[in-house]
Amino acid sequence: MSEHKVSLVRFERGGESVRRAVEMCEGLSMLKAGAKAFIKPNVVFWTRSVDFPKWGVITTSRVVEDMVQLLKEHGVDDITIGEGIVTANPKDMETPAHAFASLGYHTLRDRYGVKVINVFERPFEKVSLSDGVELSFNADILHSDLVVDLPVMKTHAQTVVSLGIKNLKGTIDVKSRKQCHNADPERGLHFHVSKLAEAMPPILTVIDGIYTSERGPGFDGRMHRSNLLAASRDVLSADLVGARLLGQDPAAVPYLALAARHLGRPLDLSDVEVVGESLEAMAKPHEWYFPYTDDGLLPLPMAKMGIKGLSYKKYDDTLCTYCSGLNGAVLASIAMAWKGTPWNEIEVLTGKRMAPTPGMKKTILLGKCMYQANKDHPDIKEMLAIKGCPPKAEQVVEALQAAGIEIDRRLLDNPDAFPGSYMKRYQGKAEFDPALFQVA
């Protein structure tokens, strides 16, 4: 039995695709009856306000249910489905509950006796990882006998790809998530993500590529119907193959390169056995970053609109998930406010590492971290600070209007409705099937 075997299977309706993927990689061959299993889907985002694109964003409920059935057939009765969904208010427990109900997890609970948990309502335990890293993980996953990791096959605007290892970030607490997005260029996001699998029990990874997305991880990426599953008992091997399937060189994915180096593994897949479908035939290029101008001072679509007098520097890996969730709505609001008259040398800074530009007349510091980093910076002529963590929509509106950008505040007043605007991309296209995110 190859330790680094990865199976590739085309998804077909009927419930057998997940079974074939798991059997071909011998994913449950060592499982003992009575084991405790923790299923970790990828529910990266949710809103109760509107329907939004889930394809390539959220693990399909089809794959989750098929995996529950397979575990039950192998004598596993103690099954937990757990996730830590990012919300604008970290104390919001109603939105995760709505997500679990809408995705059919409560039906799975009633039908199969599984437990469904929001990790933010459960205990965390601090774990010491290699190179002096300490992160706090959900205790349920740490004390399981098997982790069933069900990521979506997607590229990621900060980490190039988001697959099995990255999916485990949803099991750490808020403080640990913010720690991952620190300003240290050597020990930042990629470094921390590369450590996430180190403390885990044995992991079976089944990458859900029924839908894949580029420029993820969220609803504003571009989704594709790819009908592909990749599975392995070795999460790094699964991710190396997943990166190739997305058209990305694993050596160019910093966290994969760091994880492989730590384990003494090559990045060229020379020690990975791929079974099933052809990797070369199934691979399809997926872009991972949002395009900006060559100087990195404005998103390319905004530059093409002719926007002048504004610098909105390209995001970096220090922009944490909470500010990132607001960032798209801020950019959309600014674009909608453009009337053709140049603004008065305004810059917007995000994340933790950016510094003000000499000569700008107004500097907007988005988020507590950016404010703390630059509140005394001598190059700021007029500071407009948005100090919240995460920032509040009304603070953003006030800062933009004070800078002279007369935005329509309705978008930021109700940011939960913003994701619904992306549904029109997929309307009328039968391949984008909402039923795959339901449990019948």
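Rules of the game
- Residues numbered from 1 in each chain as written.
- Predicted model: local features only at pLDDT ≥ 70, side-chain atom pairs only at ≥ 80, totals over all residues.
- Heavy atoms only, no water.
- Core = buried A, V, L, I, M, F, W, Y, C linked by side-chain atoms within 4.5 Å.
- Buried < 20%, exposed > 50% of the residue type's maximum accessible area, 1.4 Å probe, protein only.
- Helix = DSSP H or I, 4+ residues; strand = E, 2+ residues; numbered from the N terminus.
- Axes fitted to C-alpha atoms, helices over the stretch in contact; angles between N-to-C directions.
- Left-handed = near helix turned anticlockwise from the far one by under 90°.
- Contact = heavy atoms within 4.5 Å.
- Salt bridge = Lys/Arg side-chain N within 4 Å of Asp/Glu carboxyl O.
- Pairing = 2+ DSSP bridges.

Comments concerning the nonpolar core
By size, the foremost hydrophobic cluster in this structure holds 87 residues, and its most contacted members are M67, L71, L310 and L412. The dominant element in this core, judged by the number of residues it contributes, is helix α13 (residues 321–337), at 8 residues. Membership of the second largest hydrophobic core comes to 52 residues, among which are F120, L163, L228 and L256.

Quick word on the packing of helix α9 (residues 235–245) against helix α10 (residues 254–263)
Packing of α9 against α10 brings their axes to within 11 Å, and their N-to-C directions diverge by 145 degrees. Of the two elements, α9 crosses α10, and the hand of that crossing is left-handed. Within the contact between the two elements, α9 uses L236, D239, L240 and A243 and α10 uses Y255, L256, A259, A260 and L263.

A word on unusual backbone geometry
Backbone torsion omega between G216 and P217 reads 20 degrees, so that peptide bond is classified as cis. Tracing the backbone through its elements, the reader meets P217 in the loop between β10 (203–216) and β11 (222–232). Cis geometry is adopted by the peptide bond preceding P390, which originates at C389 and carries an omega value of -5 degrees. Here P390 shows up in the loop between β16 (383–386) and α15 (393–402). One non-glycine residue with positive phi stands out, namely R215, at about 60 degrees. Relative to the helices and strands, R215 resides in strand β10. For R215, a relative accessible area of 24% puts it in the partly exposed group. The phi torsion at N227 lies on the positive side, around 50 degrees, for a residue other than glycine. Among the secondary structure elements, N227 is positioned in strand β11. We classify N227 as partly exposed; its relative accessible area is 25%.

What to know about the pattern of salt bridges
In the structure shown here, the tally under the stated rule is 22 salt bridges. The shortest N-O distance in the salt bridge between D317 and R353 comes to 3.3 Å. Of the two residues, D317 is situated in the loop between β13 (310–312) and α13 and R353 in the loop between β14 (346–349) and β15 (362–366); the sequence distance between them amounts to 36 residues. Connected through salt bridges with shared partners, the residues R62, E65, D66 and R111 form a single ionic network.

Some thoughts on the sheet that holds β13
Read from one edge to the other, the open sheet built from 4 strands follows the order β13-β14-β15-β16, with strand pairing classed as parallel. On the outer flanks of this sheet lie β13 and β16, each paired with one strand and no other. Pairs of neighbouring strands in the sheet enclose a mean axial angle of 15 degrees, with direction left out of account. As paired elements, β14 and β15 share 4 bridges and run parallel to each other. Looking at the pairing, I346 lines up with K362 of β15. Helix-sheet contacts for α13 involve β13 and β15, and the interaxial angle to β13 is about 160 degrees. Sheet contacts for α15: β15 and β16; angle to β16, the most-contacted strand, approximately 170 degrees.

Thoughts on the pairing of β10
When you tally the buried positions in β10, you get 13 out of 14 residues, the bulk of the element. By the bridge criterion, 3 bridges tie strand β7 (residues 146–150) to β10 in an arrangement that is parallel. Opposite V148, over in β10, you have L204 as the bridge partner. Where strand β8 (residues 152–156) lies against β10, 4 bridges are found, and the strand directions are parallel. Looking at β10, one finds that M153 is bridged to T212. When β10 meets β11, the two strands line up antiparallel, connected through 9 bridges. What sits directly across from G209, in β11, is L228.

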